[in-house]
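# Inside the fold
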Amino acid sequence: MFEHLQPYAGDPIFGLNDAFHRNTHPNKINLTIGLYYDDQGRIPVLPSVQAVQRRLVDDPSPRVYLPMEGLASYRSAVQRVVFGADRKAVADGRVATIQTLGGTGALKVGADFLHMAYPESEVWISDPAWDNHHAIFAGAGFKTRSYPYYDPATKGLAFHAMMECLRGLPSRTIVLMHPCCHNPTGVDLSREQWGEVITVLQDRGLIPFLDIAYQGLGEGMEEDAYAVRAMVEAGLTVLVANSFSKNLSIYGERCGGLSVACGSAAEADLVLGQLKAVVRRIYSSAPWHGGHIVAGVLNDADLHACWLDEVAEMRVRMAEMRRQVHAQLAEKLPGYDAGYFLSQRGMFTYSGLSREQLLALRERHGVYIIDSGRIAVPGLNSGNVGHFTDALADVIGESAR
């Protein structure tokens, strides 16, 4: 019946992760997958999460289906974290929010919703991008295209080229953007640049879809949401997919949210109804356990404060790893400009390493980086950063000789 189907090639990141585990190098380092590790190389279970988990163990409540839109206390918490506690759009009921199956689920629900509303529109995604962005929107029926984003010459933002592209897009084009911690490059826009982007979005009548999967891991919980809030304050209709996988370290609980900031409360009600209809067609109900973990942490003043400290600790540790890499490469590889480790932010750094250099890192040093050259910074720690910079100095220095 299905012998005619093509074999699935698998996800390249997960495939490389499997290859890492098979490698027997004594000092191997896994810098492939987007997981946060502490300085001992462990995925942490945050104390704030543990506190809620203990409560849930003793909770005799039945594990019933949640409403299609998700847990009410979860949804209100999403709105406070993403849009701000005192934002007028939230107070006016102009934001429709649902609980989703992680950030990926939020993107999928948003893609299906947008295709229903604007089936002839195209989706424009940054170049480079998280590969799954194209797959999700193409799977919803959209034609996807790429706008310029990363400049390999400077290892920074190709802002002029990006703006020229955005200015040429037709009305109701959907533009997917990262408010912070761009995946895969770690290159973010400044506030002044966001201001220029917002003006173009308004003038061209474009639909921004913001994917914020790493809030709090760039500059801070409030600072990282700047672009979202600036767009809402400017009166744009904007979709926002957020995730708690990284900043609460609850990857397998599948906790995300999709919010749509609308022009009126009546419009938000219409949108919420259609989002629920999309959810019903896909999975019907979001996770009970994960939803109560997030709601428990974010709605308890003491646990919320504890969580903010925990996220700050993650952010500071990654920034310290970046500083150590930069300082060690300056010593081990004089003349090599490693400034991108400091200018890029969040969980990822785009190295610009060639295919040959990446293979040499894996084969000679057991250092695994995906084929795009994206480095997952949390895989570095005080115990392996020296081996990492030795390996980089070896393969980059060899190429220069």
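Predicted model, so just to flag it, every value in this text is computed and none were measured. (Residues numbered from 1 in each chain as written. Predicted model: local features only at pLDDT ≥ 70, side-chain atom pairs only at ≥ 80, totals over all residues. Heavy atoms only, no water.)

### A closer look at the side chain of H133
Heads up, the rule is: Secondary structure elements are taken from DSSP: a helix is a run of H or I of four residues or more, a strand is a run of E of two residues or more, and numbering for both begins at the N terminus. Only protein chains enter the accessibility calculation, which uses a 1.4 Å probe; a residue is then buried when its area is under 20% of its type maximum, exposed when over 50%, and partly exposed in between. The definition of a polar contact used here is a pair of N or O atoms within 3.5 Å, where within protein one atom must be able to donate a hydrogen and the other to accept one, and adjacent residues in sequence count solely through side-chain atom pairs.
Locating H133 in the fold gives a position in helix α6 (residues 131-139). On the basis of relative accessible area, H133 is assigned to the buried category, the value being 1%. Here the side chain of H133 touches D211 through a polar contact of 2.8 Å, side chain to side chain.

### Some thoughts on the packing of aromatic side chains
Put simply, the rule is: Pairing of aromatic side chains here covers Phe, Tyr and the six-membered ring of Trp, requires ring centres within 6.5 Å, and sorts the geometry by plane angle: under 30 degrees stacked, over 60 edge-to-face, intermediate tilted. Remark: a charge is flagged as sitting over a ring if the NZ atom of Lys or the CZ atom of Arg is within 6 Å of the ring centre and within 35 degrees of the ring normal.
Scanning all chains against the criterion turns up 9 aromatic pairs. Between F137 and F142 the ring centres are 6.2 Å apart and the planes differ by 50°, which places this aromatic pair in the tilted class. Of the residues examined, F137 reaches a relative accessible area of 0% and is grouped as buried. When its relative accessible area of 5% is taken as the criterion, F142 is described as buried. For the pair Y336 and Y340, a centre-to-centre distance of 6.4 Å together with 90° between the ring planes defines the contact as edge-to-face. A relative accessible area of 4% means that Y340 is categorised as buried. Its end group placed over the ring of F348, R374 keeps NZ or CZ at 3.9 Å from the ring centre.

### Considerations on helix α8 (residues 191-204)
This is how the line gets drawn: In this scheme, a helix's expected span is set at 1.5 Å multiplied by one less than its residue total. The arc under discussion is defined with respect to the helix axis, by the directions toward the C-beta atoms. Should any heavy atoms of two residues lie within 4.5 Å, those residues are counted as being in contact.
Here α8 spans 20 Å end to end across 14 residues, near enough to the 20 Å set by a 1.5 Å rise per residue. Inspection of α8 places Q193, W194, V197, I198, V200 and L201 among the buried residues, and these make up the whole buried set. Along α8, the residues classed as buried sweep out an arc of 165° about the axis, all on the same side. Exposed residues lying more than 90 degrees from the buried face of α8 are E192 and D203. Lining the buried residues of α8 we find β6 (156-157), α7 (159-167), β7 (174-177), β8 (207-212) and α9 (226-233). At the C-terminal side of α8, G205 shows a positive phi close to 65°.

### What to know about the packing of α7 against α8
Formally: In this description, a line fitted to the C-alpha atoms serves as the axis of each element, helices being fitted only across the stretch in contact, and the angle between N-to-C directions of two axes falls anywhere from 0 to 180 degrees. Here roughly perpendicular refers to angles of 65 to 115 degrees, roughly parallel to angles under 35, roughly antiparallel to angles over 145, and oblique to all remaining angles. Each crossing is labelled by how the near helix is turned from the far one, with a counterclockwise turn of less than a right angle marking it left-handed and a clockwise turn marking it right-handed. Polar here means any residue other than Ala, Val, Leu, Ile, Met, Phe, Trp, Tyr, Cys and Pro, which are nonpolar, and Asp, Glu, Lys and Arg, which are charged; Gly is therefore polar.
One way to put it is that α7 packs onto α8 with a least axis distance of 10 Å and a crossing angle of 15°. Taken together, the axes of α7 and α8 lie roughly parallel to each other. Our pair here, α7 against α8, has a crossing hand that is right-handed. Across from F159, M162, M163, L166 and R167 in α7, the residues of α8 making contact are Q193, E196, V197, V200 and R204. Across the contact of α7 with α8, the residue classes tally to 6 nonpolar, 1 polar and 3 charged.

### Comments concerning the side chain of H365
If you trace the backbone, H365 turns up in helix α14 (residues 355-365). Contact partners of H365, with chain neighbours within four places excluded, come to H25, N27, K28, A360, H387, A391, D394 and V395.

### Looking at the nonpolar core
Taken as a class, soluble globular proteins show a tendency for nonpolar side chains to be buried jointly. For the record, the criterion: Within this scheme, the nonpolar core is defined by two criteria: the residues are buried Ala, Val, Leu, Ile, Met, Phe, Trp, Tyr or Cys, and they are joined through side-chain atoms within 4.5 Å.
If you look at the biggest cluster of nonpolar residues, it comprises 108 residues, and the most contacted ones within it are M162, V197, L248 and F388. Residue contributions to this core peak at 8 residues, all from helix α12 (residues 301-332). Formed by 32 residues, the second largest nonpolar core is a distinct cluster that contains A106, A111, I207 and L275.

### Points about the environment of S171
Its location among the elements puts S171 in the loop between α7 and β7. On the basis of relative accessible area, S171 is assigned to the partly exposed category, the value being 45%. It is 4.8 Å that separates the C-alpha atoms of S171 and G205, two residues lying 34 residues apart in sequence. If we skip the residues at most four places from it in the chain, S171 touches R204 and G205.

### Points about the pattern of salt bridges
Short version of the rule: The rule for a salt bridge is simple: a side-chain nitrogen of Lys or Arg has to be within 4 Å of a carboxyl oxygen of Asp or Glu.
This structure, assessed with the given rule, holds 18 salt bridges. For E233, the salt bridge identified is with R87, shortest N-O distance 3.6 Å. On the criterion of sequence distance, the pair formed by E233 in helix α9 and R87 in the loop between α3 (72-83) and α4 (88-91) is long-range, its members being 146 residues apart. What makes R87 partly exposed here is its relative accessible area of 27%. The salt bridge involving D394 is made with R364; its shortest N-O contact spans 3.0 Å. Pair noted here: D394 is in helix α15 (residues 385-400) and R364 is in helix α14, with a separation of 30 residues, a long-range link. Residue class for R364 comes out partly exposed when judged on its relative accessible area of 38%. By sharing partners, the salt bridges in this structure join D188, E219 and R345 into a single network.

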